[in-house]
Amino acid sequence: MKLKKLKITILLFVISVVSCNEDESSENTNNFDVRALLEEVTINNVIVSVNEFQDQSESLSDAVEAYLGEMNEDNLLDVRNQWKSTALTYASIYAFNIGDVRDQFFHQSLYNWPTLPNTIESFIANNDEINESFIMSISPQAKTLSGLEYLIYKDSLSTTNQEFLVSVNRQNYLRLIALELKTQANRLLNVWQESGDNYANVFANSQATGIEGSFNKLYNGLFNVIDTGKVTKIGKPAGLENSENTNPELTQAYFSNSSLDILKANILSIEEIYFNPNGIGISDYVFSVIRNDELNNAIKNKIDEVYNSINAIPGPLFQSITENPNEVADLHKKLEELGILFSVDVRSVLSIIITSTDNDGD
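Residues numbered from 1 in each chain as written. Predicted model: local features only at pLDDT ≥ 70, side-chain atom pairs only at ≥ 80, totals over all residues. Heavy atoms only, no water.

**Brief notes about helix α2 (residues 34-69)**
Compared with an ideal rise of 1.5 Å per residue, which puts 36 residues at 52 Å, α2 spans 51 Å between its outermost C-alpha atoms and is within 8% of the ideal. At T42, α2 is deflected by roughly 35 degrees, the largest bend along its length. Sitting at the amino-terminal end of α2 is D33, which places a side-chain oxygen 3.3 Å from the backbone nitrogen of R35. (Helix = DSSP H or I, 4+ residues; strand = E, 2+ residues; numbered from the N terminus. Expected span 1.5 Å × (residues − 1). Bend = angle between axes of the 7 residues up to and from the residue. Polar contact = N/O pair within 3.5 Å; in protein donor to acceptor, adjacent residues only side chain to side chain.)

**Let's talk about the packing of helix α15 (residues 294-312) against helix α17 (residues 325-350)**
In helix packing, the relevant descriptors are the interaxial angle and the interaxial distance, both defined with respect to the helix axes. Between α15 and α17, whose axes approach to 9 Å, the crossing angle comes to 160 degrees. Between α15 and α17, the angle is such that the two are roughly antiparallel. Classified by chirality, the crossing of α17 by α15 is left-handed. Residues L295, A298, I299, K302, I303, E305, V306, S309, I310 and A312 of α15 form the contact with α17, whose own contacting residues are E327, D330, L331, K334, L335, E337, L338, L341, F342, D345, V346 and V349. Looking at the contact of α15 with α17 residue by residue, the classes come out as 14 nonpolar, one polar and seven charged. (Axes fitted to C-alpha atoms, helices over the stretch in contact; angles between N-to-C directions. Parallel < 35°, antiparallel > 145°, perpendicular 65-115°, else oblique. Left-handed = near helix turned anticlockwise from the far one by under 90°. Contact = heavy atoms within 4.5 Å. Nonpolar A, V, L, I, M, F, W, Y, C, P; charged D, E, K, R; others polar.)

**A look at the packing of helix α3 (residues 73-93) against helix α8 (residues 144-153)**
Remark: α3 packs on α8, axes separated minimally by 10 Å, with the N-to-C direction vectors making an angle of 155 degrees. Relative to α8, the element α3 is oriented roughly antiparallel. You can see that α3 and α8 cross each other, and the crossing is left-handed. In this structure, α3 uses L76, V79, R80, N81, W83, K84, T86, A87 and Y90 to contact α8, whose residues at the interface are L145, L148, E149, I152 and Y153. Looking at the contact of α3 with α8 residue by residue, the classes come out as nine nonpolar, two polar and three charged.

**Considering the nonpolar core**
If you look at the biggest cluster of nonpolar residues, it comprises 96 residues, and the most contacted ones within it are W83, Y173, W192, F215, I282 and F342. When neighbours within four sequence positions are excluded, I282 is seen to be in contact with L37, F215, Y219, L222, I273, Y274 and L350. (Core = buried A, V, L, I, M, F, W, Y, C linked by side-chain atoms within 4.5 Å. Buried < 20%, exposed > 50% of the residue type's maximum accessible area, 1.4 Å probe, protein only.)

**Brief notes about the environment of L174**
Within the fold, L174 resides in helix α10 (residues 168-192). Judged by relative accessible area, L174 falls into the buried class, the value being 0%. Each C-alpha atom, one on L174 and one on L341, is 42 Å from the other, the two residues being 167 residues apart in sequence.

**Regarding the packing of aromatic side chains**
Counted according to the given criterion, the structure contains 19 aromatic pairs. Seen in terms of ring centroids, W192 and Y199 are 5.0 Å apart; in terms of plane orientation they differ by 55 degrees. Their pairing is tilted. Measuring from ring centre to ring centre gives 6.4 Å for F215 and Y219, while their planes differ by 35 degrees; the resulting arrangement is tilted. Placement of both F215 and Y219 in helix α12 (residues 214-235) is noted, with a separation of four residues, approximately one turn of the helix. The structure contains a cluster of three or more aromatic residues connected by ring pairs, namely F32, F215, Y219, Y274, F275, Y285 and F342. (Phe/Tyr/Trp six-rings, centres within 6.5 Å; stacked < 30°, edge-to-face > 60°.)

**Structural notes on the pattern of salt bridges**
Taken as a whole and judged by the stated rule, the model has eleven salt bridges. With its nearest N and O atoms 3.9 Å apart, the salt bridge here joins E180 to K143. Of this pair, E180 sits in helix α10 while K143 sits in the loop between α7 (132-137) and α8, placing them 37 residues apart in sequence. The exposure classification of E180 matches that of K143, with both residues buried. Taking the shortest distance from any N to any O, the salt bridge between K217 and E212 comes out at 3.6 Å. Exposure remark for K217: the relative accessible area of 22% places this residue in the partly exposed category. Taken together, the shared-partner salt bridges connect E271, K300 and D304 into one network. (Salt bridge = Lys/Arg side-chain N within 4 Å of Asp/Glu carboxyl O.)

**Regarding a negative patch on the surface**
A cluster of like negative charges, contributed by E52, D55, E58, D62 and E65, occupies part of the molecular surface. Take D55: it is sitting in helix α2. (Patch = residues over 30% accessible without salt bridge, like charges linked within 9 Å, V, L, I, M, F, W, Y side chains within 5 Å. Areas by Shrake-Rupley, 256 points an atom, 1.4 Å probe, with all protein chains shown as cover. Lys, Arg positive; Asp, Glu negative; His and termini not counted. Charge placed at Lys NZ, Arg CZ, Asp CG, Glu CD.)

**Quick notes on the confidence of the model for the protein**
Looking at the protein, the pLDDT average stands at 92 and 91% of residues meet or exceed 70. Confidence drops under pLDDT 50 across residues 1-29; counting only partners more than four residues distant or on other chains, this segment forms seven contacts. (pLDDT = per-residue confidence, 0-100.)

**Overview of the side chain of S283**
Mapped onto the secondary structure, S283 falls in helix α14 (residues 282-290). A relative accessible area of 11% places S283 in the buried class.

**What about the side chain of N45?**
Take N45: it is sitting in helix α2. N45 sits in the buried class, given a relative accessible area of 16%. Once residues within four sequence positions are removed from consideration, N45 is found in contact with E40, F96, E272 and I273.

**Notes on unusual backbone geometry**
Across the junction of W113 and P114, the peptide omega takes the value 0 degrees, indicating a cis bond. Mapped onto the elements, P114 comes out in the loop between α5 (106-110) and α6 (117-126). Here the phi dihedral of N257 falls at roughly 60 degrees; this positive angle occurs in a residue that is not glycine. Along the chain, the position of N257 falls in the loop between α12 and α13 (259-274).

Right under this line is the structure:
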């Protein structure tokens, strides 16, 4: 009889402890300040990086003007270096292609790739005048960062410089698409900043939940970066997505050999938002729900594995697709595994709804 009472007492104690733990977990989940997280991301990540992208785009346009004012190889090299700085800065804001920004298709008007070299050359060769209205009318794939990259990296420094020297149309095409990029970057900043559309305030203070909730949109933006990296930047060029046919020319930043640097900057932008060492990060939200760091550690380890896989590729991505296919396949696999952690494990913990990525329908 005493043994039976003891068992009942132990059982009631266990139930009580489990119940308290569940209540504590629920309380921590309900009390996590998602709005504070959104405010921090908006102020310290979005606004800062979008401002930086606008500055870099303006510097790129200025570098182009300086080159066209004195066309020599040194000035063209300055344009190339500034293009890389601008492209890497864009990589840091790609995760914020969400909400009003996504609705206005900024990702297509800023960096639409792969570009159309034959179309660009036809425009230059077959038009009496390249002017602003003409540039406004052409496909984004024939301008944006990808079109600029082609024009300045299409050949050796000396050959490319010589081509600009003998063609006023080529000069005007370069100048006007650089100016167009600056204009689009200004438009993007206007969407977010207080003196413009002030989407930053709307985003950080929205009361919407579910698919329309700001945190859900932010999370989808991060997942989109991973999925686009896996599918479009690595998988399709390397013949690892729905087809075994390789096409290295589909790689992002093909002409400048900057593909892997841009991908690394993409992943860094995710890491900075998920693990915020100076404030509130998504990792804090996850911890508030499950009360341990097992999943956060798994995310950190996988991000490190992605970096290691990028670093293990010995040459330009387009070249390594054929010369180092195992290393490229490993990077594809690591991105897939990181994507699963985001789309399954973290999604389940935080009750996220994964909506669409830039690869849907491809």
